[in-house]
Amino acid sequence: MSLARWNKAAPSRLFWLLVVLLLLAVPAPSLAQGPGEPTAAPAAGAAPAAPAAKTAAAQAQAQALGPPPDSWAGQLEMLSRWVDQRRGPGRCAERCYALDRLRITGAVGEGPLQFELSGGVLADGPVAIPLFGPPAHLRIEAVLDDGRPASRREAAPISFAEGHYYLWTAARRFVLRGSLWLEGDLTLLVAGPLNTFEADVTGGSVAEGAQLSGLSGATLHFSRDGGAAAQSAGPTVFQLARAVRVGREVSFEYRLVLRSGSDLGVVRLPLAFGEKVLDVTGASGFRIEGGELVLPTSGRTAEMTISGTLPKVGGFSPDPRSAYEWWLFESDVEHRLTVKGDIRQVDAAESPIPRTQATSRLLLLKRGQRVEVEVEPLAGVDVLAAVVREHRRTLILTERGDLVADDALTYENNGIDYLTYAPGGRPIFLATDGKAQRIMHQGAAAEEVLVPLQTGSHRIQVQSLAQAVVRPLGGSMELPMPSYPLTASEVALTVGLPERVVPLALLGGDRPVWFADSGDAVAVAFGFVAAWIAVRPGGAPSRGRLRALRALGGLIMAGLWFVAPATFVALLVGIATAGAAWLVGRLFRGTSRAVAMVVLLGMGGIALLVGLFAVSAGRYRGERWNSSYETSMAPPSSARIAKLDDQAKGGGSLAPGGAVLEGVTPVALTLPDYDRAVQASRELVTRDRVFHPVLIYTTSSALVPLALLWLAGATILLAAHRAPLTELYRRAAVRLSRRPEDDGPDIDRPGGGGGRPQGGARHAPPVG
């Protein structure tokens, strides 16, 4: 073809080429939908046809009504079908739509509600999108916004089938706006799946919540709380909310709300689960007739609360008159609940009945649904609900064998009301935090005292009396101790004894307490050393006799430490000072010896004072401890207790002869004095780890033979030192009888100076 002919035919050929390319690139909407295809929604009562069936029917109708195949329009139609066949079916196979957000506004019970539903189609063609239901109680009018101008928008193609309405559209993105009328029980079925739901309504609320997510086949319940005129014009409302609480017993609480256009009259509530009604508030009275709770009411509205107990938990279902019911299930920490059933669980914060446990579950049961509840008791573990931090017991034995006990307990309580306390004797006084309390028993013959316990940290004091038998020569004595079902961190026992009872050991504590300790052992050792140095009998005794006398001297010093500690210390210091003086006399002469003697005597005096103070420190500490104990732990004075009792009773009375009166607040007894004390303690005292002290003692009568033996040994020891003691006495007498003018240069010569003493002290042999 020449260039001139190509230019002449170019416009028409270019036109047809552009048309073909345009058809290949962007198929016209008329090619995707046959010209004879209807745009209306499917007929009512029949489900919409599948997308593939609709496409095949449109192609068959297009072939029947299309242009002749020999014309250029027929050729373009054949080209369009060929392109559609080459493109193949759409990617969507099952759910070919997506619903994003549903928002409902308006006033509940006052005309229609406005809604706005946004979503999109995922297939290449129109899709039937399920909307709301049920159609029998719902009417919808809506406009579809599929991207076209507002002037070209028409009513949305909506029909119903299988219990809900459908929207028929092929828009990739659409917004459906319109109105819906709820009739009957104000429920709305959302087929979904729907991503989010929002409600902004007035005159009522949505029972499931104003903002929800992930709805599929969900039923939304609208509640109406309008004015009295709207309530009187509407149907009878029967709203029931229930709470079942599982603890030591199964209890229930029902909240019933009734509204009607006329007087309610008598309302009957079936007790289908074996409820035992204990109280009803909001009603003038109630009675049980034939397994039903009869509630007389007056007026057109009524709100009442019903409480009681259930025999057990099991299957529960709502009342047939309720469209839906709230069910709140709770259990304490000792039980575990298991809820079975295809029931929707909602946020427990929306419960009409206040929650009491952290394990609460709130369910929304619709009419005809049923829930099965099982309870499993958990194994309890013994814990310390109360504990005694410190228990100090003072037990004093009198000369006549009476045991006066004073107990001071500091406890920590977290829930126990009373403590059964067995004092180990006859209780005579009870006080809590320094305030006297009446002594109470569980029964007339019960020995335990019921001590009221307060929550927190407090202190109680109990005094009791008992009897003990003291044998003439000694033995063992089981000391009574109180018994109570609490764990004590530490129990300290102080036993006060009279002068005639001498303790040898106190057993039963964490460690045995003996009459002698390490300090006594040190003192006895010093006594034996001093006796070994000081025992030097006169003459020339044999080695065996000398050892026997020194051993006897050690025994005498040891006995003296236990009988008269002050004398022991004085004698020990005297022996040490004498030995030091003998050593100074050998080391010094003249003035130096005199100065050394003075210093030695001063040091001996100081040592004597220190020793006497150390000996009396033990007894001093015991007396001071007992004094501070009585000061800090003693109960209030009798005058103060009488004043408090008079204020509480408005006066008081005296018992004849000072006897004990039953039911009167007691007065504390002053503890008797004691001469000896021994202490023991034990930590972590329980019923399985009891503190059972045993006192091993002797008496002063049994110690008389030992005292006689000690005196005999001291006599033997003095007799063995008769010659040295006589010589020491003679020299002391000579020194004391010498006058100052008798001193001269020849005083040291023996026998000189007309029979006067001649300074024998300087050259006399040492003692022993």
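For the structure, check the block above.
Figured I'd write up the structure that's included with this text.

What counts and how
Residues numbered from 1 in each chain as written. Predicted model: local features only at pLDDT ≥ 70, side-chain atom pairs only at ≥ 80, totals over all residues. Heavy atoms only, no water. Pairing = 2+ DSSP bridges. Helix = DSSP H or I, 4+ residues; strand = E, 2+ residues; numbered from the N terminus. Axes fitted to C-alpha atoms, helices over the stretch in contact; angles between N-to-C directions. Expected span 1.5 Å × (residues − 1). Buried < 20%, exposed > 50% of the residue type's maximum accessible area, 1.4 Å probe, protein only. Salt bridge = Lys/Arg side-chain N within 4 Å of Asp/Glu carboxyl O. Contact = heavy atoms within 4.5 Å.

Quick look at the pairing of strand β26 (residues 371-377) now. Note: strand β21 (residues 315-316) against β26, two bridges, orientation antiparallel. Bridge pairing links glycine 315 to glutamate 372 in β26. The sheet contact formed by strand β23 (residues 335-340) and β26 spans six bridges and is antiparallel. Each bridged residue has a counterpart across the sheet, and for arginine 336 the counterpart in β26 is glutamate 376.

Here the focus is the sheet that holds strand β10 (residues 194-202). Read from one edge to the other, the open sheet built from six strands follows the order β5-β8-β2-β1-β10-β12, with strand pairing classed as mixed. Two strands close off the open sheet at either side, each with one partner strand: β5 (138-145) and β12 (211-215). This sheet shows a mean twist of 20° between the axes of neighbouring strands, independent of strand direction. Two strands pair when backbone bridges link them, and strand β1 (residues 97-107) and strand β2 (residues 113-121) are joined in this way by eight bridges, in the antiparallel orientation.

In a regular helix each residue adds 1.5 Å, so 21 residues correspond to 30 Å; helix α7 (residues 543-563) covers 30 Å between its end C-alpha atoms and thus fits that length. When we look at burial in α7, the residues that qualify are Leu549, Arg550, Gly553, Gly554, Ile556, Met557, Ala558, Gly559, Leu560 and Trp561.

The next subject is the pattern of salt bridges. Note that side chains of opposite charge can pair when their charged atoms are close. In the structure shown here, the tally under the stated rule is 21 salt bridges. Linking arginine 139 and glutamate 141 is a salt bridge whose minimum nitrogen-to-oxygen distance equals 3.6 Å. A relative accessible area of 46% means that glutamate 141 is categorised as partly exposed. Among the ionic contacts, a cluster of salt bridges with common partners joins Arg101, Arg103, Glu116, Asp145, Arg177, Glu198 and Asp200.

Right, let's talk about the environment of leucine 258 for a bit. Mapped onto the secondary structure, leucine 258 falls in strand β15 (residues 250-259). Distance in space between the C-alpha atoms of leucine 258 and threonine 297 is 9.7 Å, their sequence separation being 39 residues. In this structure leucine 258 touches Val237, Phe238, Leu264, Val267, Arg300, Thr301 and Ala302, once residues within four positions along its chain are discounted.

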